[in-house]
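The lines below spell out each chain.
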Amino acid sequence: MNQERLNNLKKNLWNTADELRANSGLKASSYSIPVLGLIFLKFADAKYEQYESEIMQEYEALKGGRREKRIEEIAIEKCGFYLPEQSRFSYLLNLNEEEDIANKVKDAMEGIEEYSPEFVGVLPKDNYHNLNAEDNNKILNRLLRNFNDIPTDSQNDIFGEVYEYFLGEFALAEGQGGGEFYTPRSVVRYMVEVLQPMEGKVLDPACGSGGMFVQTAHYAQEHKVKNGGTPLNLRAYGVERTGETVKLAKMNLFLNNIRGEVTEANSYYADPYDSFGNFDYVLANPPFNVDNVELDLVKDQQRFNTYGVPQTKGKKPKVPNGNYLWINQFATALNETGKASLVMANSASDAGHSEKEIRKALIEDGIVSQMVALPSNMFSTVTLPATLWFFDKQKKKKDEILFIDARNIFTQVDRALREFSDEQIKNLAIINRLYEEDSESFYSLIKEYEMNSDNADSEEDKKYFQKQIDWLLERFPDGKYQDVIGLCKVAQLDGEDGIIDQDYSLNPGRYVGVVIEDDGMAADEYKEKLSDLNDEFKQLNEEAKDLEEQIEKNLDSLVIEYE
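Predicted model, so just to flag it, every value in this text is computed and none were measured.

(A) Just the overall build of the chain, in detail. Each helix and strand counted, the chain has 19 helices and eleven strands in total. For the chain, buried positions account for 48% of its 563 residues. If you take every contact in the chain between residues at least 6 apart in sequence, the share linking residues at least 24 apart comes to 73%. Counting every atom, the chain has about 28800 Å² of accessible surface; 45% of that belongs to carbon and sulfur.

So this is what it looks like as structure tokens:
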């Protein structure tokens, strides 16, 4: 299935499910869990079906002998889980509307849990009874038929794609609360493109629904396949404070074939994986500016105090907000070759007092590799400007940092929301590759765009890919990194306008500068234009005075009339 058909499938599935939600009157938060649970059931059924003949073949071969095994034993060995009849999607699909379908779905979930204890407490069971007070069965029946349209014979990771798509749409529909469990996919993909994770242990201490793990696994899988490599050796470790979101994350990992675990905990006070120096990659989009973190409970933790503890001055110091606790967590969780990326409030790049001292220590330790200013309106639920921080424990040039200002690089999704296109992600990520003297990747990307242009069906598509080529070659004509005003700058620690000179600010805007557009006018033309504007300004001022006098007269006449 090509990407266009897959996108259409996701939209169609969502439109039908959302139409049913509108009829039910339920909020997105109440509707998401049962709907995502049905997608999970469909996936489990499709996966089981792939192994079913193999399972039955072995069962019949061993039947009656000394090595005889139960079907469920063989199924768990081959498929990872066993699906009893009442848990099959086809069984649920063929129920008539007179039966209590909500109870049947609950039985299906319990059937999976009975043979796979790891799913106990994860799968939704009691969320199906209140989808619609008047016509619950009808809604469930239509949802089951809707998800039965997901093809099971495609090579695409369709179920993971559909699940992630639904998570994003639910986050949009849910508004403010939705941002707590979902980070826009294009932002995560950019973070992963820069880190280039291939194998190892991945930590997300604020994992939400697990999107960082999914994109990490997709990147690693794609590049393993390209390189003819072996199966993935990635393991995910997530921490999430909301129980319902933990369930979403665990189902997400399962649907995307990712090994790992997700623990329900508050990352400020609990460290379930003993994270200090223990991870190859750390990715997260933690909550911004969280108040009321207990200083006494965090200040003695090594993961929070290695670079200094954020705290106010005075007799009763407290944590100003949680931003620099997260930053400390990401930096200290890395092993000797580890890399990290996190989304952070823009204000943290210039924060003062104890937070500045932590930032100074991180910079002087040479761990900060790259800072990227994101465009506004990338997050549907957060209006604060955000910055991406990148850490690299193996960074070679420890006395300099790459700054990128991506605020003007985006694709407008609708009036209020923006995202990175696939090509914008690649173009931004290639800047880091060039900085690391990887010209080969740069020319490979140029070649990829040339091939896409050659194979494009329309002139519009050809022009689009040529535009990408032009964008790259105009800025990096020699296939080597160079500073580009308004886009990227490598700032040294020392020297004029260096990082120390900028008071250890990590705000990309301070270093990258702005492009002054050429207006194409000669000096005389500019003088004449300025004179015309000045005359226009004077005339507008005169008109304003006349209007002011007229308004004053009108008000006076009204006062006299009332007297």
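(B) Fine view of a nonpolar patch on the surface. A grouping of L547, I551, L555 and L558 is seen on the molecular surface, where their side chains present a nonpolar patch of about 390 Å² in accessible area. When you line up the elements, L555 lands in helix α19 (residues 523-562).

(C) A look at helix α8 (residues 185-195). In terms of burial, α8 is a largely internal element, nine of the eleven residues being buried. In the stretch just after α8, Q196 is the one whose phi turns positive, near 55°.

(D) Up close: the sheet that holds strand β3 (residues 260-264). Reading across the sheet, the nine strands line up as β3-β2-β1-β4-β5-β7-β6-β8-β11 and stay open at both edges, with mixed pairing between neighbours. Edge positions in the sheet fall to β3 and β11 (488-492), since each of these pairs with one other strand and no more. Taking each pair of neighbouring strands and ignoring which way they run, the sheet shows an average axis angle of 15°. Summarising the sheet, strand β1 (residues 200-204) and strand β4 (residues 279-284) pair through two bridges and their orientation is parallel. Along β4, the bridge assignment pairs L203 with V282. Sitting on the sheet, helix α10 (residues 243-255) touches β2 (234-240) and β3, and the angle it makes with β3 is about 175°.

(E) View of the nonpolar core. With 60 residues, the main nonpolar core has Y190, L388, I404, I431, F476, Y481 and C488 as its most contacted residues. If we ignore the near neighbours within four places in the chain, the residues touching Y481 are L402, I431, L434, Y435, F476, C488, K489 and V490. Ranked by size, the runner-up nonpolar core spans 54 residues in total, among them I33, V35, L38 and A102.

(F) Quick look at the side chain of E400. For E400, the location among the structural elements is in strand β8 (residues 400-405). One polar contact links E400 to Y435, side chain to side chain, over a distance of 2.8 Å. For E400, the side chain forms a polar contact with the side chain of Q492, separated by 2.8 Å. Those residues in contact with E400, other than ones at most four positions away along the chain, are V368, K395, Y435, V490, A491 and Q492.

(G) A look at the packing of helix α15 (residues 422-435) against helix α17 (residues 459-475). The contact between α15 and α17 brings their axes to 11 Å, and the two run at 15°. Considered as vectors, α15 and α17 are oriented roughly parallel to each other. The element α15 and its partner α17 pack so that their crossing is right-handed. In contact with E423, N427 and I430 of α15, α17 contributes Y464, F465, Q468, W471 and L472. Looking at the contact of α15 with α17 residue by residue, the class counts come to five nonpolar, two polar and one charged.

(H) Representation of the packing of aromatic side chains in the model. Counted according to the given criterion, the structure contains 24 aromatic pairs. Taking the centre distance of 6.1 Å and the plane angle of 70° together, the rings of Y48 and Y82 count as edge-to-face. Pair noted here: Y48 is in helix α2 (residues 28-62) and Y82 is in the loop between α3 (71-79) and α4 (89-93), with a separation of 34 residues, a long-range link. Take Y48 and Y82: they sit in the same class, and that class is buried. Where F442 meets F476, the ring centres are 6.5 Å apart and the plane angle is 85°; that geometry is what we call edge-to-face.

(I) A look at unusual backbone geometry. Although it is not a glycine, N292 sits at a positive phi angle of roughly 65°. Examined against the element boundaries, N292 turns out to sit in the loop between β4 and α11 (295-298). Residue class for N292 comes out exposed when judged on its relative accessible area of 71%. In this structure, D497 takes a positive phi of about 60° despite not being glycine.

(J) Geometry of the environment of G111. Its place among the elements puts G111 in helix α5 (residues 101-115). Take G111: its relative accessible area is 2%, and that puts it in the buried class. Distance from G111 to P84, taken between C-alpha atoms, is 6.2 Å for residues 27 residues apart in sequence. With residues near it in sequence (within four places) discarded, G111 still touches P84, Q86 and S87.

(K) Region of interest: the pattern of salt bridges. Across all of its chains, the model carries 22 salt bridges by this definition. Across the pair D422 and R189 runs a salt bridge whose closest N-O atoms are separated by 2.6 Å. Residue D422 is found in helix α15, and its partner R189 is found in helix α8; the two are separated by 233 residues along the sequence. A salt bridge links E193 to R433; its shortest N-O distance comes to 3.5 Å. Remark: R433 occurs in helix α15 and E193 occurs in helix α8; sequence separation between them is 240 residues. In terms of burial, E193 and R433 fall into one category: buried.

(L) Quick look at the side chain of N427. Here N427 shows up in helix α15. Given the relative accessible area of 3%, N427 is considered buried. Leaving out residues up to four positions away in the same chain, N427 has contacts with L445, Y449, Q468, W471 and L472.

(M) Representation of the packing of α8 against α15 within the structure. Two elements in contact, α8 and α15, have axes separated by 9 Å at closest approach and are oriented at 30°. Judged by the angle between their axes, α8 and α15 are roughly parallel. α15 is crossed by α8, and the crossing has right-handed handedness. Touching S186, R189, Y190, E193 and V194 of α8 are D422, I425, L428, A429, N432 and R433, all from α15. Among the residues making up the contact of α8 with α15, the classes are represented as five nonpolar, two polar and four charged.

(N) Broad picture of the environment of G277. Positionally, G277 belongs in the loop between β3 and β4. Residues G277 and A333, spaced 56 residues apart in sequence, show a C-alpha to C-alpha distance of 4.6 Å.

(O) Highlighting the pairing of β8. Burial runs high along β8: six of the six residues are buried. Side chains E400, L402 and I404 project from β8 onto one buried face, and the interleaved I401, F403 and D405 project onto a second face that is buried too. Bridging between strand β6 (residues 368-373) and β8 involves four bridges; their strand directions are parallel. What sits directly across from M371, in β8, is F403. As paired elements, β8 and β11 share five bridges and run antiparallel to each other. Across the sheet, E400 pairs through a bridge with Q492, a residue of β11.

About the criteria used
- Residues numbered from 1 in each chain as written.
- Predicted model: local features only at pLDDT ≥ 70, side-chain atom pairs only at ≥ 80, totals over all residues.
- Heavy atoms only, no water.
- Helix = DSSP H or I, 4+ residues; strand = E, 2+ residues; numbered from the N terminus.
- Buried < 20%, exposed > 50% of the residue type's maximum accessible area, 1.4 Å probe, protein only.
- Contact = heavy atoms within 4.5 Å.
- Areas by Shrake-Rupley, 256 points an atom, 1.4 Å probe, with all protein chains shown as cover.
- Patch = residues over 30% accessible without salt bridge, like charges linked within 9 Å, V, L, I, M, F, W, Y side chains within 5 Å.
- Salt bridge = Lys/Arg side-chain N within 4 Å of Asp/Glu carboxyl O.
- Pairing = 2+ DSSP bridges.
- Axes fitted to C-alpha atoms, helices over the stretch in contact; angles between N-to-C directions.
- Core = buried A, V, L, I, M, F, W, Y, C linked by side-chain atoms within 4.5 Å.
- Polar contact = N/O pair within 3.5 Å; in protein donor to acceptor, adjacent residues only side chain to side chain.
- Parallel < 35°, antiparallel > 145°, perpendicular 65-115°, else oblique.
- Left-handed = near helix turned anticlockwise from the far one by under 90°.
- Nonpolar A, V, L, I, M, F, W, Y, C, P; charged D, E, K, R; others polar.
- Phe/Tyr/Trp six-rings, centres within 6.5 Å; stacked < 30°, edge-to-face > 60°.

By themselves, these figures tell us nothing about what the structure is for.
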